[in-house]
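Survey of secondary and tertiary structure
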Amino acid sequence: MIKTYAEINKKIESGKAVVLTAEEVIDYVDKRGLEAAAKEVDVVTTATFGPMCSSGCFLNFGHSKPKMRISEAWINDVQAYCGIAAVDVYMGATQLRQNDPANMYHPGEFRYGGGHVIEDLVAGKKLQLFGLSYGTDDYPRREIRTLFDINDLNQAIMVNPRNCYQNYNVAVNASDKRIYTYLGILKARMRNMTYSSAGQLSPLLNDPYYETIGIGSSIWLAGARGIVYAQGTQHCSLVERSENGVPEEGAGTLALSADMKEMLPEFVRGASFKGYGVSLALGVGIPIPILNPEILRRTTVRDRDIMACVIDYSSDYPQKTGKVLARYNYEQLRSGEVELEGKKIPVTSLSSYNKALKICGLLKAEIEEGRFLLSEPSRRLPLEQGMKSLNIIGPGR
Amino acid sequence: MITKKIYLYFPKSETEKPIVYQLVKDFDLIVNIFRAKVTPEEEGYLSLEVTGTQENIDRAFTYLNGFDVVIHAGNKGVRWDESRCTQCGACLAHCPTLALYMINRETRAIAFCEENCVECLACIAACPFGACSSTF
C-alpha cells in the first residue's frame, strides 16, 4: 500500500483527510494494526516548542526621505546586522541589548535581547529604530530615529539556520558549585537534571531517517505557513541510533523560514537564561504524510523508545570530552525523577510538551479543514553526514 | 486557630512603628515573616503569615487599619503570570514548597498555588520567560 502526496492533498482539499497527532497515532495503531491504520491515516502532526538559539529575522524598513544606506542599526537598543542592502537588517535571537553588563556581575540577568525584539515585533508592539550611516551620494542621510511596528515593514521574514534538533543532551552538574547554562540553572552535586525535547511529539524523532521531512517541506512555524529551506547547521545524521533508528543524541536539524506577519505571539517568546544569555523559544509543527506503513510505524515512537544522553555541563560539555554519564528514555525523564549513581535526581524540561501538544492539535485542525496542504520535499536531508570540530592552528594555539 | 497570609504596604509615614511586635504581644499571633523591606524615611513592604484565633486576627486587622497601612490578604509578594508561562516546567526543580507544580500530568500544564509560596524567589531566576515576578 503506497499513497502519494497528490492523493493525500486531494483528500485534504475535499476535507476528508484523516489526521492524527503524534500522541493519538500511538494508541490508534495499537488498536487497528499497522496495515489497516496505514490505509486509514493520511497525516500525523508532530510539533515542538522550546528555545532555539539559531533563530533570527530579516526586516525591510522601506526608504526614508532622503534615503539612507543604514550601516549600523539598533532596534530597542539591540544591535541588528546591517552588512546587507540599504534598508535590510538581520536581527539575531541571541543578540544582547547595548550596554547589557552580560556576565560582568555573574550571573547576569539578560532581561532583554534579540529574542525579545522578535517577540515584541510579532506581538505588534511599537519598537524604536536607531540607525547610523556614513552617507553616500545616492544615500545621503546619516542618522535616523523613529518608531515602527511590524505592519510598517515591507517584509519581516523569520530565517532560522538551526531549529528542531532531532534529539538533545540531558544536562547535569557534577561540580560542587551551581552553574548557569542554556539548559537552565544546574544545582551543584547533581541535585537537578534538565532536558529539552518534545520526545514522542518531536518532528524528527517521528521521521528519524528524514523520509518525508526534507528541503521544501511545508511546515507550521509559530502559526505561519513556513518551509524547510535547507539542512540545519550542525546537521549530523551519522550518530549512534537505537534499534528503532532513533538517534540517541543531537543528530539532524532543520533550517526554517516563514513570514512573521502571519505568526501567533503565543508561539514566539523571548527567553532570558540567567548567567547565559538571551534566546528565542519557538513553536514548530510539521505534518508527516503517511505514504506507507513503514512511515506510519515510525510515527508511533513512544517516549520510552527514545533515549537521551546525560552530560556533565560543568566539565565534560565545556571541555568536549565526549563522556556520557548515563542514558535514560523520555518516559523516565518525564516522570520527574531518575536515579543516577544511587541518588534520586529531580528532572525538568526546557521544552514545553504542553505547547507542543497544542501545536499538534492546531495543525491537525488546519489540515482537517483543508487549509494546510503538504508539499513533497525537492531534496532529502543528508543521511551520511558527520560533524567537524574546529581545530586551532597557527599562533593562537 | 487559623493561618492567614498577608502582605502589608507601609507608606513613608508609618515605617517607624513596631507593628510586628504589637501583633505578637497584643494579639497573641504567631508571625512567620517571608520577606520584609522596611527602612526609615522610605516606603516598606512586609510579607508574612499570621496564625491565631479568628477573633485575634480580626482585632489585629482592626489595629492595622488604624494606621496608614495597606493590607492585602493572600499572596501579593510573588506573582505568576499565566500568560507569560510557556508550561515548560523549568521552575519545578527550583521551587522548594511545590507552590509551582504540575496540575495535569497528561497535558503537563503548570499551575501556581499561592498558599504554598514562601517567597524564596528561586523561580524568578529559573524561569526564562519572566513568568514569575516579585512585587519588591
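Per chain, the residues get numbers from 1 upward, laid out in the order the sequence is written. To label them, take the chains in the order written and letter them from A, then take the ligands in the order written and number them from 1. Local features are withheld for residues below a pLDDT of 70 in this predicted model, meaning they are given only at 70 or higher, and side-chain atom pairs are given and counted only at 80 or more; totals for whole chains, interfaces and linings count all residues.

Comments concerning the environment of Val-43 of chain A
All names here are of chain A.
- In this structure, Val-43 sits in strand β2 (residues 43–51).
- Of the residues examined, Val-43 has 26 C-beta atoms within 10 Å and is grouped as buried.
- Residues Val-43 and Ile-8 lie 35 residues apart in sequence; the distance between their C-alpha atoms is 8.0 Å.
- C-beta atoms are first placed from the backbone for all residues, and any pair lying within 7 Å is then listed as a contact. What Val-43 contacts, discounting residues up to four positions off in sequence, is Ile-8, Ala-17, Val-19, Pro-287, Ile-288, Pro-289, Ile-290, Ile-367 and Leu-374. Numbering goes from the N terminus for both helices and strands, where a helix is a DSSP run of H or I of at least four residues and a strand is a run of E of at least two. Whether a residue is buried, exposed or partly exposed follows from its count of other C-beta atoms within 10 Å of its own C-beta, namely 20 or more, 12 or fewer, or something in between, respectively; the C-beta atoms are built from the backbone.

Considerations on the packing of helix α1 (residues 19–27) of chain B against helix α2 (residues 54–65) of chain B
Residue and element names in this part refer to chain B.
- Axes here refer to lines fitted to C-alpha atoms; in helices the fit is confined to the stretch in contact. Angles between the N-to-C directions go from 0 to 180 degrees. Packing of α1 against α2 brings their axes to within 10 Å, and their N-to-C directions diverge by 140°. Classified by the angle between their axes, α1 and α2 sit oblique to one another. Handedness of the crossing formed by α1 with α2: right-handed. Residue-level inspection shows Gln-22, Leu-23 and Phe-27 of α1 in contact with α2, the latter providing Asn-56, Arg-59, Ala-60 and Tyr-63.
- Gly is put with the polar residues, along with every residue not named as nonpolar or charged; the nonpolar set is Ala, Val, Leu, Ile, Met, Phe, Trp, Tyr, Cys and Pro, and the charged set is Asp, Glu, Lys and Arg. Looking at side-chain class alone, the contact of α1 with α2 contains four nonpolar, two polar and one charged residues. Angles are sorted into four bins: roughly parallel if under 35 degrees, roughly antiparallel if over 145, roughly perpendicular if 65 to 115, and oblique for all others. The crossing is said to be left-handed when, going from far helix to near helix, the turn is anticlockwise and less than a right angle, and right-handed when the turn is clockwise.

A few points about the interface of chain B and chain A
- Taken together, the contact pairs 16 residues of chain B with 21 residues of chain A.
- Its residues placed into classes, the side of chain B that touches chain A shows nine nonpolar, six polar and one charged.

Considerations on the sheet that holds strand β8 (residues 143–148) of chain A
Residue and element names in this part refer to chain A.
- When DSSP finds two or more bridges between a pair of strands, those strands are recorded as paired. With antiparallel pairing, four strands are arranged side by side in an open sheet as β5-β4-β7-β8. Strand pairing shows two members of the sheet lacking a second neighbour, β5 (78–80) and β8, which therefore form its edges. The mean angle between the axes of side-by-side strands here comes to 25°, regardless of whether they run parallel or antiparallel.
- Bridge count between strand β4 (residues 72–75) and strand β7 (residues 127–132): four bridges; the pairing is antiparallel. Counted as the bridge partner of Trp-74 is Phe-130 from β7.
- Contacts between helix α4 (residues 114–122) and the sheet are confined to β4, β5 and β7, with β7 contributing the most and set at about 125° to the helix.

So, unusual backbone geometry
- Of note, the bond from Lys-65 of chain A into Pro-66 of chain A is cis; its omega dihedral lies within 30 degrees of zero at -5°.
- As for its placement among the helices and strands, Pro-66 of chain A is situated in the loop between β3 (56–60) and β4.
- In this structure, the amide linkage connecting His-106 of chain A to the following residue, Pro-107 of chain A, adopts the cis form with an omega of -5°.
- Examined against the element boundaries, Pro-107 of chain A turns out to sit in the loop between β6 (88–92) and α4.
- Although it is not a glycine, Asp-77 of chain A adopts a positive phi angle of roughly 70°.
- On the secondary structure map, Asp-77 of chain A appears in the loop between β4 and β5.
- Look at Gln-87 of chain B: it is not a glycine, yet its phi comes out positive at around 60°.
- Summarising the element assignment, Gln-87 of chain B is placed in the loop between β5 (78–80) and β6 (100–104).
- By the C-beta count within 10 Å, which is 24 here, Gln-87 of chain B ends up buried.

Looking at the pairing of strand β14 (residues 218–221) of chain A
Residues and elements named next belong to chain A.
- Where β14 lies against strand β15 (residues 224–231), four bridges are found, and the strand directions are antiparallel. Counted as the bridge partner of Leu-221 is Ala-224 from β15.
- The hairpin turn running from β14 into β15, its antiparallel successor, is two residues long, and Ala-222 in that turn takes a positive phi close to 55°.

Observations concerning the pairing of strand β3 (residues 44–52) of chain B
All names here are of chain B.
- Relative to β3, strand β1 (residues 2–10) runs antiparallel, the two sharing nine bridges. Within β3, the residue paired with Ile-6 across the bridge is Leu-48.
- One ladder, built from seven bridges, connects strand β2 (residues 30–37) with β3; its direction is antiparallel. Pairing of Ile-33 across the sheet is with Leu-48, part of β3.
- Hairpin connection between β2 and β3: a loop of six residues separates the two successive antiparallel strands, and Glu-41 in this loop has a positive phi of roughly 70°.

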